[in-house]
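# Remarks on the overall topology
Take a look at the letters that make up each chain.
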Amino acid sequence: MRSFIHAARIAAVLFCALTGLAQAETVEIRIDNFTFSPAEVHVAPGTTIVWVNADDIPHAVAANDKSFRSKVLDTEEKYSRTVAGPGTIDYFCSLHPHMTGRIIVDAGGSQGSGTSGPAGH
Amino acid sequence: MAHQPSLPADEIDTGRRHALKCMAWAGTGLVWSVAGGVPLTAGLIGGGAQAAPAATKTTAPVNPGLTFAQISDSHVGFDKPANPDALATLREAVAGVRGLPTRPAFVIHTGDISHLSRDEQFDAADQALKDLGVPVFFVPGEHDVLDDGMGAAYLARYGKGPNGKALGAGWYSFDHGGVHFVALVNVVNLKGGGLGNLGEDQLAWLADDLRALSASTPVVVFAHIPLWTVYPEWGWGTDDGARALSLLARFGSVTVLNGHIHQILQKVEGNVAFHTARSTAFPQPSPGSAPSPGPMKLPADKLRGALGVTTVTYRQKAGPLAVVDATLG
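These lines cover the structure that appears in this document, whether it is placed above or below. Small disclaimer: the values here were computed from a predicted structure and weren't measured.

## Topic: the overall build of chain B
- Within chain B, the secondary structure is distributed over six helices and 15 strands.
- In chain B, buried positions account for 54% of the 329 residues.
- Sequence separation of at least 24 residues holds for 74% of the intrachain contacts in chain B that already meet a minimum separation of 6.

Here it is as structure tokens:
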């Protein structure tokens with residue numbers, strides 16, 4: 001019985017470790033044609049969001065609540081930020097504020113909006 | 001360099017007592033003439049060139065009056081395929097203004113002087129603009145406030161304005177030749193999902209600035225992003241622009257000069273004439289005609305035709321307003 005409990009504990013630790021690894025994934029948001037794509041992502045706490053500017057005009061990422069603001073991103077430049085959460089982060093391009101995006105941080109950790117790009121880059 | 005257009009490409013008549021004409025050549029710029037308190041002839045079209053005027057009083061029926069030029073969106077530092085050398089085309093625009101038959105009293109630059117707000121880009125732009133040989137009055141574009149200080153670099157360089165009285169993010173006014181000029185800043189403190197922004201402080205200042213002027217004073221307002229809503233889907237407008245325009249509604253002659261959209265668009269609404277200038281760096285698509293407002297890449301031999309200089313002539317007359325645009329391309 002004791003060995004069973006011990007094995008269960010090890011399994012739990014392993015599970016948590018694996019879950020932790022999964023939560024520490026990276027999600028890429030491409031800025032293309034003056035659009036954040038995907039415009040809305042659903043991620044787990046601890047996820048690193050990487051914005052990549054694919055336009056030949058600079059953009060910048062700024063939170064609506066002013067909690068963060070990237071430097072200006074020229075073509076192919078990146079900005080990354082790890083989100084804690086849970087919660088919703090609304091952001092926009094500080095050069096072109098009609099460009100908006102949303103990050104929803106919850107335990108689910110799955111991307112939303114149905115147009116998610118590949119994660120883990 | 002300065003090339004004369006062969007034929008007008010477009011002509012619009014509207015009911016207004018001033019004549020306004022535009023034409024284009026490589027580079028960019030608007031040349032305005034104002035005399036006797038009413039926009040008058042610049043003599044830039046049809047061979048009526050006049051000497052560089054001195055400032056005239058509002059009541060003086062003096063001809064020539066005031067001529068000035070507008071340069072916009074030079075984006076010095078831009079090196080993408082749409083124009084690998086934006087500094088070179090700015091220099092061409094400067095040469096075009098220098099070649100005008102009427103030497104402008106000054107030049108206004110309606111923003112996006114630099115591409116990324118870097119010192120070396122501002123330096124290069126300043127060096128090129130110095131060749132104009134006349135004062136240059138600036139407003140910032142959103143590309144000029146990208147430094148860590150969010151506009152501190154622009155303010156350090158241009159923030160005093162022409163008379164040391166610039167306020168806030170760099171707005172100011174001045175009088176020249178009987179015309180009241182107002183330089184507005186609508187590229188700072190932008191809100192997510194919004195358009196250009198003037199803000200309460202600037203609007204309060206504008207109301208105060210205009211208060212003492214008689215309604216017959218010609219007013220020229222310039223800012224980077226169009227003050228009128230051109231195409232909100234691409235952010236081409238100013239959220240509180242209508243409030244500024246309402247403060248200008250009592251004036252008999254208001255001219256609003258903007259940049260940002262890298263193409264000529266114009267309209268006349270009541271006594272207000274709106275005009276956006278071409279860029280010296282690269283063209284952008286007409287509203288809604290492309291997936292995004294990003295730079296348009298044209299064949300190399302077409303680029304300068306899309307940049308184009310616009311000259312504008314006001315003529316005092318009883319007839320309708322004539323607006324003529326032409327490119328070389």
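There's plenty left to go through after this.
## Description of the sheet that holds strand S3 (residues 40-43) of chain A
All names here are of chain A.
- Judged by pairing direction, the sheet is mixed, and its four strands sit side by side in the order S3-S8-S7-S5 without closing on themselves. Here the strands that pair on one side only, and so sit at the sheet edges, are S3 and strand S5 (61-63). Looking at each pair of strands side by side, their axes are set apart by 25 degrees on average, direction ignored.
- Alignment of strand S7 (residues 87-93) against strand S8 (residues 100-105), held across six bridges, turns out to be antiparallel. In the strand pairing of S8, Ile89 is matched with Ile103.

## A short note on the sheet that holds strand S12 (residues 266-269) of chain B
Residue and element names in this part refer to chain B.
- Spatially, six strands are ordered S8-S9-S10-S11-S13-S12 in an open sheet, and the strand pairing comes out mixed. With one partner strand each, in any of the chains shown, strand S8 (172-176) and S12 form the two edges of the open sheet. The average angle at which neighbouring strand axes cross in this sheet is 15 degrees, direction not considered.
- Pairing between strand S9 (residues 179-183) and strand S10 (residues 219-222): four bridges, direction parallel. Paired with Ala183 across the strands is Phe222, a residue of S10.

## Describing the pairing of strand S5 (residues 66-71) of chain B
Residue and element names in this part refer to chain B.
- Judged by how many residues are buried, S5 sits mostly within the fold: six of six residues are covered.
- On S5, burial covers both faces: Leu66, Phe68 and Gln70 on one face and Thr67, Ala69 and Ile71 on the other are all buried.
- Of the strand pairs in this sheet, S5 and strand S6 (residues 106-109) are connected by four bridges, and their pairing is parallel. Its bridge partner being in S6, Ile71 is matched across the sheet by His109.

## Overview of the pairing of S6 of chain B
Residues and elements named next belong to chain B.
- Taken together, S5, helix H1 (residues 86-98) and S6 form a β-α-β motif whose crossover is right-handed.
- Pairing of S6 with strand S7 (residues 136-138) involves three bridges; the strand directions are parallel. Counted as the bridge partner of His109 is Phe138 from S7.
- The handedness of the S6 to S7 crossover, carried by helix H2 (residues 119-130), is right-handed.

## Quick word on the interface of chain A and chain B
- At the junction of the two partners, chain A supplies 19 residues and chain B supplies 17 residues.
- With three residues, the top contributor of residues to the side of chain A that touches chain B is S7 of chain A.

## With respect to the environment of Ala63 of chain A
Residue and element names in this part refer to chain A.
- Of note, Ala63 is situated in strand S5.
- Overall, the presence of 17 C-beta atoms within 10 Å leaves Ala63 in the partly exposed class.
- Separated by 44 residues in the primary sequence, Ala63 and Ala107 have C-alpha atoms spaced 21 Å apart.
- Setting aside residues up to four positions removed in sequence, Ala63 forms contacts with Phe68, Arg69, Ile89 and Tyr91.

## Brief notes about the nonpolar core
Residues and elements named next belong to chain B.
- Core analysis: the biggest nonpolar cluster contains 86 residues, and Ala183, Leu184 and Val221 have the highest contact counts within it.
- It is H1 that contributes the most residues to this core, six residues altogether.
- Beyond its immediate stretch of four places on either side in the chain, Val221 contacts Val182, Leu184, Leu227, Leu248, Val254 and Val256.

Analysis parameters
Residues numbered from 1 in each chain as written. Chains lettered and ligands numbered in written order. Predicted model: local features only at pLDDT ≥ 70, side-chain atom pairs only at ≥ 80, totals over all residues. Helix = DSSP H or I, 4+ residues; strand = E, 2+ residues; numbered from the N terminus. Buried ≥ 20, exposed ≤ 12 C-beta atoms within 10 Å, placed from the backbone. Contact = placed C-beta atoms within 7 Å. Pairing = 2+ DSSP bridges. Axes fitted to C-alpha atoms, helices over the stretch in contact; angles between N-to-C directions. Right-handed = clockwise from strand over helix to strand, strands pointing away. Core = buried A, V, L, I, M, F, W, Y, C linked by C-beta atoms within 7 Å.

Keep in mind these values describe shape, not function.
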